Amino acid sequence: MRRLFWIGVGAAVGILVVRKISRTAEAYSPKGLANSARGSAIGLLDSVRDFLEDARVAMAEHEVELTRALQEGTTEGGAHRAP
């Protein structure tokens, strides 16, 4: 009975090792590397889009501040505009 138990444990461990090796080999295959590169490129593109959106929002807010300052006749330093 003990032998049968250890044979079962050995088979289970063997199956797990083979599955892990297969996954690793697939990740380093040309198809796996292409998928990884595509995922990285998509992530980079999303980061650039987020940055550009944040920059647009910041520019719009700053434009509102500048317009308000010009309408009030002052600049950030508190100096008045010449008439």
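Residues numbered from 1 in each chain as written. Predicted model: local features only at pLDDT ≥ 70, side-chain atom pairs only at ≥ 80, totals over all residues. Heavy atoms only, no water.

A. Quick look at helix H1 (residues 2-27). Helix length check: H1, at 26 residues, gives a terminal C-alpha distance of 38 Å against a target of 38 Å (1.5 Å per residue), a fit within 8%. Counted residue by residue, H1 has zero buried out of 26 residues, so it is predominantly exposed. (Helix = DSSP H or I, 4+ residues; strand = E, 2+ residues; numbered from the N terminus. Expected span 1.5 Å × (residues − 1). Buried < 20%, exposed > 50% of the residue type's maximum accessible area, 1.4 Å probe, protein only.)

B. Just the packing of aromatic side chains, in detail. Counting across every chain of the model gives one aromatic pair. With 5.0 Å between their ring centres and 75° between their planes, Phe5 and Trp6 make a pair best called edge-to-face. Accessibility expressed as a relative area gives 58% for Trp6, which makes it exposed. (Phe/Tyr/Trp six-rings, centres within 6.5 Å; stacked < 30°, edge-to-face > 60°.)

All we've got here are geometric facts, nothing functional implied.
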